[in-house]
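# Structural features, examined
Given next are the chains, with one letter for each unit.
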Amino acid sequence: MEHLSTTRAESDEVADGVYLADLPTGDRAGMMYWRIEPGATLPVHTHANEQIGYVLEGELTAIVEGEEHALSAGDAYLFRSNERHGAENRSSDVAIGLGILAPPREDPEWKRPPSEIERS
């Protein structure tokens, strides 16, 4: 068994005020813990992975294929493979949640050194 507390998971700031931390990852799915500060934006992006998630605390506006969707604590969501999505925290409180990607995500560009990104 692999075990990792969200309090000990190492977070990366992937955009101003947007933090992602990898949690246990298996052969077919990976989990991440995310935190989006008030006023912060996770830029719209795509990936081949299907992503499901759950908002633990706070509120977000998800932007999916150009449409806005309100998410708050207790809401679950699904971003399909290659669906353009991002999120904005328009509230005065931190938003926190969990995301699961299947298949597991390879190192995204924000985790790779610039020299590797230039070669891909």
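Before reading on, note that the structure itself is shown above.
Residues numbered from 1 in each chain as written. Predicted model: local features only at pLDDT ≥ 70, side-chain atom pairs only at ≥ 80, totals over all residues. Heavy atoms only, no water.

Turning next to unusual backbone geometry. Excluding glycine, residues mostly carry a negative phi; peptide bonds, for their part, are mostly trans. Omega for the peptide link from Ala102 to Pro103 comes to -5°, which places this bond in the cis form. Position of Pro103 relative to the elements: it lies in the loop between β10 (95-102) and α1 (114-119). Phi at Asn82 is positive, roughly 65°, even though this residue is not glycine. By the secondary structure assignment, Asn82 is in the loop between β8 (76-79) and β9 (85-88). (Helix = DSSP H or I, 4+ residues; strand = E, 2+ residues; numbered from the N terminus.)

So, on to the environment of Glu10. With respect to the helices, strands and loops of the structure, Glu10 is situated in the segment before β1 (11-15). Residue class for Glu10 comes out exposed when judged on its relative accessible area of 66%. It is 7.4 Å that separates the C-alpha atoms of Glu10 and Asp22, two residues lying twelve residues apart in sequence. Residues in contact with Glu10, not counting those within four places in the same chain, are Leu20, Ala21 and Asp22. (Buried < 20%, exposed > 50% of the residue type's maximum accessible area, 1.4 Å probe, protein only. Contact = heavy atoms within 4.5 Å.)

This next bit is on the nonpolar core. By size, the foremost hydrophobic cluster in this structure holds 17 residues, and its most contacted members are Val18, Trp34, Ile36, Leu60, Leu71 and Tyr77. Residues in contact with Trp34, not counting those within four places in the same chain, are Tyr19, Leu20, Tyr54, Val55, Leu60, Tyr77, Ala95, Ile96, Gly97, Leu98 and Gly99. Residues Ala21, Leu23, Tyr33 and Ile96 belong to the second largest nonpolar core, which totals five residues. (Core = buried A, V, L, I, M, F, W, Y, C linked by side-chain atoms within 4.5 Å.)

Take the environment of Pro43 next. Assignment of secondary structure puts Pro43 in strand β4 (residues 41-45). Here the alpha-carbon distance between Pro43 and Val14, two residues 29 residues apart in the chain, equals 9.5 Å. Among residues more than four places away in sequence, those in contact with Pro43 are Ala15, His85 and Gly86.

All told, the structure shown has four salt bridges when counted by the stated rule. Arg105 is the salt-bridge partner of Asp22, the closest N and O atoms lying 3.5 Å from each other. You can see Asp22 sitting in strand β2 (residues 18-25) and its partner Arg105 sitting in the loop between β10 and α1, a full 83 residues away along the chain. Two residues, Glu68 and Arg90, come together in a salt bridge whose shortest N-O distance is 2.8 Å. Taken together, the residues span a long stretch of sequence, with Glu68 in strand β7 (residues 67-72) and Arg90 in the loop between β9 and β10 at a distance of 22 residues. Members of the salt-bridge network, linked through shared partners, are Glu68, Glu88 and Arg90. (Salt bridge = Lys/Arg side-chain N within 4 Å of Asp/Glu carboxyl O.)

Reading across the sheet, the six strands line up as β1-β2-β3-β10-β5-β8 and stay open at both edges, with antiparallel pairing between neighbours. Pairing within the sheet leaves two strands with one partner each, and these edge strands are β1 and β8. The average angle at which neighbouring strand axes cross in this sheet is 25°, direction not considered. (Pairing = 2+ DSSP bridges. Axes fitted to C-alpha atoms, helices over the stretch in contact; angles between N-to-C directions.)

By themselves, these figures tell us nothing about what the structure is for.
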